[in-house]
Amino acid sequence: MNLFKYTRPVNLSLKERVRSIGSSALQKVLFTGYCVVLLSKTIFYLKNIFSRRHEVIKQMYFTAVKTLPVLTIVGVFTGMILAIQTGLEMKNFGQEKFVGRLIVATLTREMGPFIAAIIVIASVGAAIAAEIGTMKVSEEIDALEVMSISPVKFLVMPRVVAMSLMMPVAAVYVTVAGAVGGAVVAVNIIGVSLDVYYQQALLALNFKAVYVGLLKASVFGMLASILSCANGLKAENGAIGVGKATRDSVVNAFIMVLIVGYFITGLFFRGRI
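Owing to the predicted nature of the structure, the values given are computational and were not obtained by experimental measurement. (Residues numbered from 1 in each chain as written. Predicted model: local features only at pLDDT ≥ 70, side-chain atom pairs only at ≥ 80, totals over all residues. Heavy atoms only, no water.)

### Some points on helix α2 (residues 53–64)
An ideal rise of 1.5 Å per residue puts 16 Å on 12 residues; α2 measures up with 16 Å between its terminal C-alpha atoms. Of all the residues in α2, the buried ones are Glu 55, Val 56, Gln 59, Thr 63 and Ala 64. An end-on view of α2 places all buried positions within 150 degrees of arc, on one side of the element. In α2, the exposed positions that point more than 90 degrees away from the buried face belong to His 54, Ile 57 and Lys 58. Close packing links the buried residues of α2 with α3 (68–91), α4 (99–137) and α6 (151–190). (Helix = DSSP H or I, 4+ residues; strand = E, 2+ residues; numbered from the N terminus. Expected span 1.5 Å × (residues − 1). Buried < 20%, exposed > 50% of the residue type's maximum accessible area, 1.4 Å probe, protein only. Arc of directions from axis to C-beta. Contact = heavy atoms within 4.5 Å.)

Below is the structure:
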């Protein structure tokens with residue numbers, strides 16, 4: 001058999017292309033509705049959070065502690081990159097003393113929650129989708145339903161609660177690590193004294209910036225966990241389906257984090273634009 005045989009691409013008619021686009025759009029709409037229903041059921045089962053507290057704590061540990069090394073490295077080097085890129089440019093105008101304020105404001109409002117979300121989605125979110133997807137294709141989810149155990153209560157709710165609670169913690173940690181990394185570069189390369197850097201950094205920590213950053217992180221955690229669980233519960237066709245569910249969960253969560261993050265920023269800081 002000739003493995004390199006040229007295959008002529010299939011030319012679809014306009015009607016078939018429109019039908020394909022419509023079918024894809026309909027699937028997206030149906031999946032969005034499924035995620036909304038899943039989130040509603042999760043909120044309903046919050047009343048059982050204490051009976052599932054051990055699973056919640058386990059998922060909190062898995063979300064925050066297991067990702068700590070990556071959060072540290074990415075946070076420190078993000079702060080260092082921000083410091084060297086903005087500090088050298090600000091030095092040309094004699095404004096390098098404000099580099100600490102700029103770094104902390106950027107990390108608190110946007111970069112801290114965003115970086116934490118990206119890392120947690122890529123590690124924890126993908127693992128959740130793969131775990132639940134494997135349970136679905138191996139009919140363990142069906143077995144839970146046969147035993148009158150709700151998969152949402154047993155699997156989804158603890159993961160959503162854990163990621164929604166621990167994502168703000170991860171965002172704060174990334175912000176602190178970034179501020180430390182920025183201080184190293186600002187003091188040793190830009191020539192800013194540590195006292196000036198510290199004072200300017202504190203000026204950036206106003207109440208609004210902090211709670212908006214924490215709100216973003218919590219919303220990102222909820223979205224990432226719901227999308228990961230939903231893709232896992234929709235997995236089918238064996239190992240191939242689990243791989244597709246894992247990929248889709250990461251891609252969908254990344255897109256939603258970008259979109260929702262923009263709208264939250266616009267909502268709370270519109271008066272400053």
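### Some details on the side chain of Thr 67
With respect to the element layout, Thr 67 can be found in the loop between α2 and α3. Residue classification places Thr 67 among the buried residues on the basis of a relative accessible area of 5%. Of note is the side chain of Thr 67, whose polar atom sits 3.1 Å from the backbone oxygen of Ala 64. (Polar contact = N/O pair within 3.5 Å; in protein donor to acceptor, adjacent residues only side chain to side chain.)

### Describing the environment of Ala 143
Within the fold, Ala 143 resides in helix α5 (residues 140–146). Considering only alpha carbons, one finds Ala 143 and Lys 15, 128 residues apart in sequence, at a separation of 42 Å.

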